[in-house]
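Reading the structure
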Amino acid sequence: MIYEDEGILKMVYAKPQIHTWHFSEPIKMYTFKAAKKADNHAAYIGKIITGMRRLDDDFGRLITDIINSIQDDCSLERRGACIDGVFQVIRVYSEGKTVKQVSFWEADRITLPAEKEYLREALDDLYITVDKIIGGY
């Protein structure tokens, strides 16, 4: 979650990870429930990493630009399999209620104003950008 505190954008996050003897790197694609359940298995270690980061101005401008450019209530869910796909959701809250949401597998299905086409690549890679901000852990 990204919020503004006295003019500074901050991100509070929680992300699940499962460590297994099969891979040297943690697996980051499982649910929180699966990460918790992994602790009951002899070959896995489940972790839920939490923290807070102050966001740099470039990322703050990017997020603001995305929020101002996406259509309200745009949900582009697709049925079927998606290999190496990442389902992403952006929600904007005001006074505790969702006021804007976009959910998508692929940013090329999002309608953007012509002058905002440069955001498409940023949207496709948003989960990677956020992971870099949070840190590899």
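Preceding block: the structure.
Reading guide: rules and limits
Residues numbered from 1 in each chain as written. Predicted model: local features only at pLDDT ≥ 70, side-chain atom pairs only at ≥ 80, totals over all residues. Heavy atoms only, no water. Helix = DSSP H or I, 4+ residues; strand = E, 2+ residues; numbered from the N terminus. Buried < 20%, exposed > 50% of the residue type's maximum accessible area, 1.4 Å probe, protein only. Contact = heavy atoms within 4.5 Å. Areas by Shrake-Rupley, 256 points an atom, 1.4 Å probe, with all protein chains shown as cover. 1 Å grid on protein atoms, 1.4 Å probe; cavity = no way out; pocket = protein on both sides within 12 Å on 5 of 7 lines; lining within 4 Å. Points joined across faces, edges and corners; volume = space filled by probe spheres on them. Nonpolar A, V, L, I, M, F, W, Y, C, P; charged D, E, K, R; others polar. Salt bridge = Lys/Arg side-chain N within 4 Å of Asp/Glu carboxyl O. Polar contact = N/O pair within 3.5 Å; in protein donor to acceptor, adjacent residues only side chain to side chain. Core = buried A, V, L, I, M, F, W, Y, C linked by side-chain atoms within 4.5 Å. Patch = residues over 30% accessible without salt bridge, like charges linked within 9 Å, V, L, I, M, F, W, Y side chains within 5 Å.

**Side note on the overall build of the protein**
- Helix and strand counts for the protein come out as four helices and six strands.
- Across the 137 residues in the protein, those meeting the buried criterion constitute 31%.
- Partitioning the intrachain contacts of the protein with sequence separation of at least 6 by distance along the chain shows that 59% fall at a separation of at least 24.
- Split by element, the accessible area of the protein, about 9,500 Å² in all, is 52% carbon and sulfur.

**Some points on the layout of surface pockets**
- Counted as a void, the largest pocket has a volume near 1,600 Å³.
- Residue lining of the largest pocket: 38 residues in total, with Gln88, Val89, Leu126, Tyr127 and Val130 positioned closest to the centre.
- Breaking the lining of the largest pocket down by element, the ones donating at least two residues are β1 (2-5), β2 (8-20), α2 (57-69), β5 (88-94) and α4 (126-134).
- For the lining of the largest pocket, the leading source of residues is β2, giving seven residues.
- The residue makeup of the lining of the largest pocket, split by class, is 28 nonpolar, four polar and six charged.

**Concerning the pattern of salt bridges**
- For the structure on display, the rule yields five salt bridges.
- Between lysine 15 and aspartate 131 there is a salt bridge whose closest N-O contact spans 2.9 Å. With lysine 15 in strand β2 and aspartate 131 in helix α4, this pair connects stretches of sequence that are 116 residues apart.
- With relative accessibility at 9%, the residue lysine 15 sits in the buried group.
- Residue arginine 120 pairs with glutamate 117 through a salt bridge whose shortest N-O separation is 2.7 Å.
- Here glutamate 117 falls in the partly exposed class, since its relative accessible area comes to 39%.

**Here's the deal with the side chain of aspartate 65**
- Within the secondary structure, aspartate 65 is located in helix α2.
- In this structure the side chain of aspartate 65 is engaged in a polar contact, spanning 2.2 Å, whose partner is the side chain of tyrosine 118.
- Beyond its immediate sequence surroundings of up to four residues, aspartate 65 is in contact with Lys116, Tyr118 and Leu119.

**Regarding the environment of tyrosine 44**
- Of note, tyrosine 44 is situated in strand β3 (residues 44-54).
- Note: C-alpha distance between tyrosine 44 and tryptophan 21 (23 residues apart in sequence) is 7.3 Å.

**Regarding the environment of glycine 135**
- Its location among the elements puts glycine 135 in the segment after α4.
- You can call glycine 135 buried: its relative accessible area is 18%.
- For the pair glycine 135 and arginine 53, spaced 82 residues apart in sequence, the C-alpha to C-alpha distance is 9.8 Å.

**Observations concerning the nonpolar core**
- With 18 residues, the main nonpolar core has Phe59, Ile66, Ile90, Val102, Phe104, Ile110 and Leu123 as its most contacted residues.
- A per-element tally of this core places α2 first, with three residues.
- Not counting chain neighbours up to four residues away, the residues in contact with isoleucine 90 comprise Ile66, Ile70, Lys100, Gln101, Val102, Phe104, Leu123 and Leu126.

**Digging into a nonpolar patch on the surface**
- Side chains of Met1, Val12 and Met52 sit close together on the surface and give an oily, nonpolar patch of about 310 Å² of accessible area.
- Among the secondary structure elements, valine 12 is positioned in strand β2.

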